[in-house]
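So the chains spell out like this:
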Amino acid sequence: MELENLTVICQEAKSDIQKASTSEDVIELRNKYLAKKSALSALLSELGKLPPEERKEFGQKLNQARAEISELIEAKDKEIKAEELKKKLQAEEIDISLPGRNNDVGGQNPFHVVKDEITDIFLNMGFEVADGPEVETDLFNFELLNIPKDHPARDMQDTFYISENVLLRTHTSPVQAHSMKAAEGKPLRIICPGKTYRRDDDDATHSHQFAQIEGLVIDRNINIGHLKATLELFAKKMFGEKREIRLRPSYFPFTEPSVEVDITCANCDGKGCSMCKGTGYIEILGGGMVHPNVLKMNGYDPDVYSGFAFGIGIERVAILRYGIDDIRKFYQNDVRFLHQYRKRAYGGIYHVS
Ligand code: DAH
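Residues numbered from 1 in each chain as written. Predicted model: local features only at pLDDT ≥ 70, side-chain atom pairs only at ≥ 80, totals over all residues. Heavy atoms only, no water.

Along the protein, the regular secondary structure elements total 11 helices and 12 strands. In summary, the protein has a C-alpha radius of gyration of 43 Å against a globular reference of 20 Å for 353 residues, an excess of more than 25%. Viewed in the frame of its principal axes, the protein has a C-alpha envelope of about 130 × 50 × 40 Å. Residues classed as buried in the protein amount to 42% of the 353 residues present. (Helix = DSSP H or I, 4+ residues; strand = E, 2+ residues; numbered from the N terminus. Rg over C-alpha atoms; globule rule 2.2 N^0.38 Å. Buried < 20%, exposed > 50% of the residue type's maximum accessible area, 1.4 Å probe, protein only.)

Let us now look at the sheet that holds strand β2 (residues 135-137). The strand order across the open sheet built from three strands is β2-β4-β3, with neighbouring strands paired in antiparallel fashion. Every other strand in the sheet has two partners, leaving β2 and β3 (161-163) as the edge strands with one partner each. For this sheet, the mean inter-axis angle between neighbouring strands, taken without regard to orientation, is 30 degrees. (Pairing = 2+ DSSP bridges. Axes fitted to C-alpha atoms, helices over the stretch in contact; angles between N-to-C directions.)

Once that is clear, we can look at the environment of I121. Structurally, I121 is set in helix α5 (residues 110-124). In this structure, the C-alpha to C-alpha distance between I121 and G299, residues 178 residues apart in sequence, is 28 Å. Excluding its chain neighbours within four sequence positions, the residues that come into contact with I121 are F234, K237 and M238. (Contact = heavy atoms within 4.5 Å.)

This model, assessed by the stated rule, comprises nine aromatic pairs. In textbook terms, an aromatic cluster arises when at least three aromatic residues are bridged by ring pairs, as seen for F122, F127, F234, F308 and F310. Taking NZ or CZ as reference, R220 lies 5.3 Å from the ring centre of Y305, over its face. (Phe/Tyr/Trp six-rings, centres within 6.5 Å; stacked < 30°, edge-to-face > 60°. Lys NZ or Arg CZ within 6 Å of the ring centre and 35° of its normal.)

Contact geometry of α5 with helix α10 (residues 314-322) gives a least axis separation of 9 Å together with a crossing angle of 105 degrees. Taken together, the axes of α5 and α10 are roughly perpendicular relative to one another. Each of P110, F111, V114, K115, E117 and I118 in α5 lies in contact with α10, whose residues at this interface are I314, E315, V317, A318, R321 and Y322. Taken together, the residues of the contact of α5 with α10 break down into eight nonpolar, no polar and four charged. (Parallel < 35°, antiparallel > 145°, perpendicular 65-115°, else oblique. Nonpolar A, V, L, I, M, F, W, Y, C, P; charged D, E, K, R; others polar.)

Attention now moves to the side chain of K236. Of note, K236 is situated in helix α8 (residues 224-239). A polar atom in the side chain of K236 sits 3.0 Å from the backbone oxygen of E241. Those residues in contact with K236 that sit more than four places away from it in its chain are E241, R243 and E244. (Polar contact = N/O pair within 3.5 Å; in protein donor to acceptor, adjacent residues only side chain to side chain.)

Here is the structure:
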């Protein structure tokens, strides 16, 4: 009886195994034929009931059947797994003949690179960064800088007026007045990078919006030697150790004396070339000793305090440093331009093309 049962179970198992086609089917097969509650296990529990002479033979048969079914299931399992893997690989196949996707990274605008570099140079000299509004009053943009209403210097600084006395600042110099008032007569050492505006027709060398970095130092016993040493260090850090500077007399209403600062031409090392128009020098910024009227109007006693100030055109420095031929390129957001100036993680600029 039991032997017949075993034969039936084996036949059924073989047919089930043949039909199996998924991993789930294999799990079911194991449960049905090999697990504790399987039909084979049930027969095993019958073993004790057989007469001893039949017990041995039936036991062996049972074990053989179990081993055979187990082998067949494992073989089926391998076959199914191989098939499933094949299907998965086919489904996930990557067509390596497709052209790759180009993750285009831009570059930091050289304007910002230069602004950050200039800022860092002055931060390392102990300057702090100050801020001021771009929409300014006539008072701060002109009056407090010793440029009264009828002053001819205003002609060179026409701008966008919001109302008669409110305008877009023409330079970063009003931050001098804001900072002096906020410092309430205490020593000052600030720079202010920021946007400035003038009524200008845009071309390769003019832009109605541009940017400056203002500098201001006020303390006791500040003299023009401090101005020169500070700007010389700036020139060397920005344009290279070999650069020399030259101060030429100039005029600004808010400084006295006023200077124009030139550096020796990096192209010819000061010998004279087409870039410096044969002079050996290139103008980079304006500055001077803070005018006593400016000190007085902004809360300092000119008999006790003195100071120097300067204004650097950021685009001008970037143009000189990187040989850029058109100021408008800084603002046009053209990736072909930005691609040429990529900032590496450790600083420094390199030209890609
Ligand atoms: N504000 C001046 C301009 O825009 C630049 C300048 C010159 C700033 C001399 C200064 C300075 O602080 O001392 O033309």
